[in-house]
Amino acid sequence: MAKSRSVVELTTRYDLGVGGGVDKIRSLCLSPHSDSQTLVYIGTFSGSLLLLSLDTSTNIVARLGALSLSASPVESIFVLGHEERGKVLALCNGHLFLADSLLSTPAKRLGGVLRGISVVAKRVRGREESSDLLSLLPSSEVSGESSSSKKFLQMLGGGSRVGSDVKGKDSRRRRREGVRYVFAVAIGERMLLVELDEEDGKGDSFVVLKEIVGIGGIKTLVWLDDYVVAGTDKGYSLISCVTGKSGVIFALPDVSGPPLLKLLCKEWKVLLLVDNVGVVVDTNGQPVGGSLVFRRRPDSVGELSFYLVTVGDGKMEIHQKKSGACVQSVSFGPEGCGPSVLAVDEAGDGNLLAVTTISKVIFYRRVPYEEQIKDLLRKKRYREAISLVEELDSEGEISKEMLSFLHAQIGYLLLFDLRFEEAVNQFLKSESMEPSEVFPFIMRDPNRWSLQVPRNRYWGLHPPPAPLEDVVDNGLMAIQRAIFLRKAGMDTPVDEEFSSNPPSRADLLESAIKNMTRYLEVSREKDLSHPVREGIDTLLMLLYRALNRVEDMENLASSVNNCVVEELESLLNESEHLRTLAFLYASKGMSAKALAIWRLFAKNYSSGLWQDSDDLVPYLHENELIRLSGKEAAAAEAARILEEPCDPELALQHLSWISDINPLFAIQVLTSDKRTEELLPEKVIQAIDPQKVEIIQRYFQWLIEDRDYNDPQLHTSYALSLAKSALECVEVQNGNQETDAGGKEARDCNVGSISLFESDVRERLQTFLQSSDLYDPEEILNLIEGSELWLEKAILYRRIGQETVVLQILALKLEDCAAAEQYCVEIGRPDAFMQLLDMYLEPQNGKEPMFKAAVRLLHNHGESLDPLQVLEKLSPDMPLKLASDTILRMLRARVHHHRQGQIVHNVSRALDVDSRLARLEERSRHVQINDESLCDSCFARLGTKLFAMYPDDTIVCYKCYRRLGESKSVTGRDFKRDVLIKPGWLVNR
């Protein structure tokens, strides 16, 4: 069972006993009269209606008046209106009595016809769409012109006047103004829906809106919107005030107490009691939520904010409305003191309630929720305080600002009570708490951010902020002190978990740092001022360092951050978190210091001073996570810094050691597109070791291909570098032919473990020599003249126009017949093929004639050769079998080519003759013109006028012909652009 807390507190008491006599209380009603005065109406068993006044500022109760209604008990009291002209309606002896709010004049009994009333319920409208009850009353009755109500009421009460009771004009005015006093009245087997007219001077006016029959024995009623919930000894029913239909909600057991209903105005629902079990239903009679189980069957139920108040047997219990849990129990009378009545000031602020014994009225006021929460926090009942705050929030009882304040306040108390995780959870729920408030817990004052810490005023329940070490030490001392006092017999609030199993200082401090870290990590996402952001990131780095969370330190330092380097520099140096410091330097633009650290890393790893661990360092390269050794990771990070805009001299300074570790990283630096200031090629070449030829070549290639450098000297240098590498490659290949060792690309395989090129050096050289026009070919030729780089020589000789040398290299040195023939095609002269044939048939330097190559040339390009010259060139030693077919095919091709030319010539001549003839025939046509002939342009009669005819047979007068011109007819066709060809003009022979 939950511990009790103070939801309400006693205000004052009032005893009705006079002269030794006791007037027992039957009913009770509270009505606010002003901000500081509440009127208390008391109905007694002797039929008296008493009026008390409670001054809420002084808690003084005064008796203002009394009226005697009857000798029977006053069953219920209703207050109509809250102004000076307000009325009080009471049910006594089966009749309704109406009196003024101050009971200054005798009460008047309403409608003699309404006798035998057992229960009265006032209508409450909880939603705007509920029915307007005027629709239940015919318009003729409202105007007083029909006698249907008269006849109905005469049947009920023996002929009382109704026409005078219904003031049509005044009733309509009152309804338009929204003043409606509508009640459900239970009389025997009937239930009447009645509207009272308290404006009438006689005070006994009413209108019967509807009669519902068939339900008897009603003990209690609640009217909400369009439905009436009625309770009888048999059960609860739901009655529609629109249709008059009723249905059973549920039946009561055979052995149970009388029915009891309570309207819950907060949710617009109804509470139904079955002994000590409460069921909440909506306006349709459907249960909502679970059942509420009370400790005993209550005599009366009230609603106080989001609590339910029950009274009975001298006790008042306050329950949570949602769960039914009892949060406070108050004794206000002895056991067996008789039935009690409860009333709540529902029309006022809802904080005042009154309960009764036989002759006493005890007043209670709800304790402000701030005081309730303070009391719980002082008793270290944090969970209950948090639950209360959440309940207040869900019910809309507190503002967002107050909610944030309470979360922060509870968080501080939890923190000083060493419950760090729960404390940070509360901090995170507070929208108004500023992250800088936790700075004093991490760094001692005074510090850089002391002025950024707001001096928020809380309730003074916790000590001022102090470093986490001090908080833990003080908290442990408080725990030990509380344990000692408890053993001494003193009731001291202490955490049961800590008292039974005290945690160690190290565990507590670690938990404090972890949770403070969590809070700062979330706070980084908030929109804060720059100094506060600096404090968050800097202190977060200190917390990571305290926890030795190296990866988090490096991630924070390498990302966009607001850390203050001056605050962290010495600390990171002392703890040897140099990688973090290097990342921090780089993020702040202090590239020189960062590079110095990475160079130190690489130097120590390379010299063996530091040993690489088995776990490789993670490195993010082009959005792909790779693992590198320690020195490679250092080089990679240095390269990443130098890729960004920085001082060119800094890049040249560190390029050498980066290239020693991994040439790829050096290339990344040299070929970066992010750099705003270009590196000078001359200085780059000076900064790189001449032995690292591949790096230089890759840099040249990037300059030429990607940056479009057009410097002839640069192109020549690149070609010379490639040529030297190719010469070395050829030498290595020649030297390794006997042992079949080494690779095809010696130089490429010799530089580091990662090749910078996908193709070998000769392929790159040949491609560059063919694609570039800016290098000096003679300088390259001088370098490779005596080498075996025949294809490269052919490309260079072709550049300088030495066709014969090119053909000699292709045909005789490389024996690439296809390339030689293609080169002849590119030259485009017939003598080139003859020159190539001559080289095949008469090679120099003692080489045998290349008859097969000659035959291939004749076969592929024989039509381009003069047969006589070919026959003259053929060597007598050439086998006739090889040459006969080729020569025969070549001769046939020549004859075929000659005859094709003749055919084309004769066909062209025939076409020319036909076209001349067609033109002559067209010009020789005759056209007959008569008196009816018209110009196709101006439609004038031609008569004897000059005219012209166009090829499309249109005829115009000479005037129009001069205007249109000879090439454009009246149809708009231009014969120069759109030639007209008639079928008769085509060659048909």
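Since the structure is predicted, the reported quantities are computational estimates derived from the model, not experimental observations.

Novice: Lay out the environment of Glu434 with the relevant residues and their values.
Specialist: Take Glu434: it is sitting in the loop between α7 (420–429) and α8 (439–442). Sequence separation between Glu434 and Gln452 is 18 residues; the distance between their C-alpha atoms is 9.8 Å. Excluding residues that lie within four positions of it along the chain, Glu434 makes contacts with Pro454 and Tyr519.

Novice: Please provide a residue-by-residue account of the packing of aromatic side chains, values included.
Specialist: As enumerated under the stated definition, the model contains 20 aromatic pairs in all. Aromatic pair Phe306 and Tyr307: ring centres 4.6 Å apart, planes at 35°, arrangement tilted. One exposure class covers both Phe306 and Tyr307, and it is buried. Site record: aromatic cluster; members linked through ring pairs are Phe405, Tyr412, Phe416, Phe427, Phe441, Tyr458, Trp459 and Tyr519. For the cation-ring pair, Arg448 lies above Trp449, with the distance from its terminal atom to the ring centre recorded as 6.0 Å. Over the ring of Trp790 we find Lys793; its NZ or CZ atom is 4.0 Å from the centre of that ring.

Novice: Summarise helix α5 (residues 382–394); cite the residues concerned and give the values.
Specialist: The first and last C-alpha atoms of α5 sit 18 Å apart over 13 residues, in line with the 18 Å expected at 1.5 Å per residue. In the stretch just after α5, Gly396 is the one whose phi turns positive, near 70°.

Novice: Mind laying out the confidence of the model for the protein, listing which residues take part and the relevant values?
Specialist: Any residue range with low pLDDT should be treated as having predicted coordinates unsuitable for detailed reading. For the protein, the mean per-residue pLDDT works out to 84, and 85% of the residues sit at or above 70. Here residues 137–178 is modelled with pLDDT under 50, and outside its nearest four sequence neighbours on either side it reaches 57 contacts, counting other chains as well. Every residue in residues 741–753 is under pLDDT 50, and counting partners more than four places away or in other chains gives 24 contacts.

Novice: Mind laying out the environment of Leu342, listing which residues take part and the relevant values?
Specialist: Here Leu342 is to be found in strand β26 (residues 342–344). Taking C-alpha positions, Leu342 is 6.5 Å from Gly302, a pair spaced 40 residues apart along the chain.

Novice: Describe in detail the sheet that holds strand β20 (residues 277–281), supporting the description with residues and values.
Specialist: The 4 strands lie next to each other as β18-β19-β20-β21, forming an open sheet whose pairing is antiparallel. Of all the strands in the sheet, just β18 (260–264) and β21 (292–293) have a single pairing partner and so form its edges. Pairing of strand β19 (residues 269–274) with β20, which is carried by 5 bridges, proceeds in the antiparallel orientation. Each residue of the ladder has a partner; that of Val270, found in β20, is Val281.

The rules we used
Residue numbers here run from 1 along each chain, matching the order of that chain's written sequence. Residues qualify for local features only when their pLDDT is at least 70, as the model is predicted, and side-chain atom pairs are given and counted only at 80 or more; totals for whole chains, interfaces and linings, by contrast, use all residues. Side-chain numbers come from the whole structure's heavy atoms, not from hydrogens or water. Here a strand is any run of E in DSSP of at least two residues, a helix any run of H or I of at least four, and the numbering for each starts at the N terminus. In this description, contact between two residues means that some pair of their heavy atoms is separated by no more than 4.5 Å. Pairing of aromatic side chains here covers Phe, Tyr and the six-membered ring of Trp, requires ring centres within 6.5 Å, and sorts the geometry by plane angle: under 30 degrees stacked, over 60 edge-to-face, intermediate tilted. Note on exposure labels: buried denotes an accessible area under 20% of the residue type's maximum, exposed denotes more than 50%, and partly exposed covers the range between, all computed with a 1.4 Å probe on protein chains only. As a reminder, the over-ring test applies to NZ of lysine and CZ of arginine, requiring each to be within 6 Å of the ring centre and within 35 degrees of the ring normal. Working rule for helices: expected span equals 1.5 Å times residues minus one. Predictor confidence is given residue by residue as pLDDT, running from a minimum of 0 to a maximum of 100. By definition, two strands form a pair when at least two bridges between them are found by DSSP.

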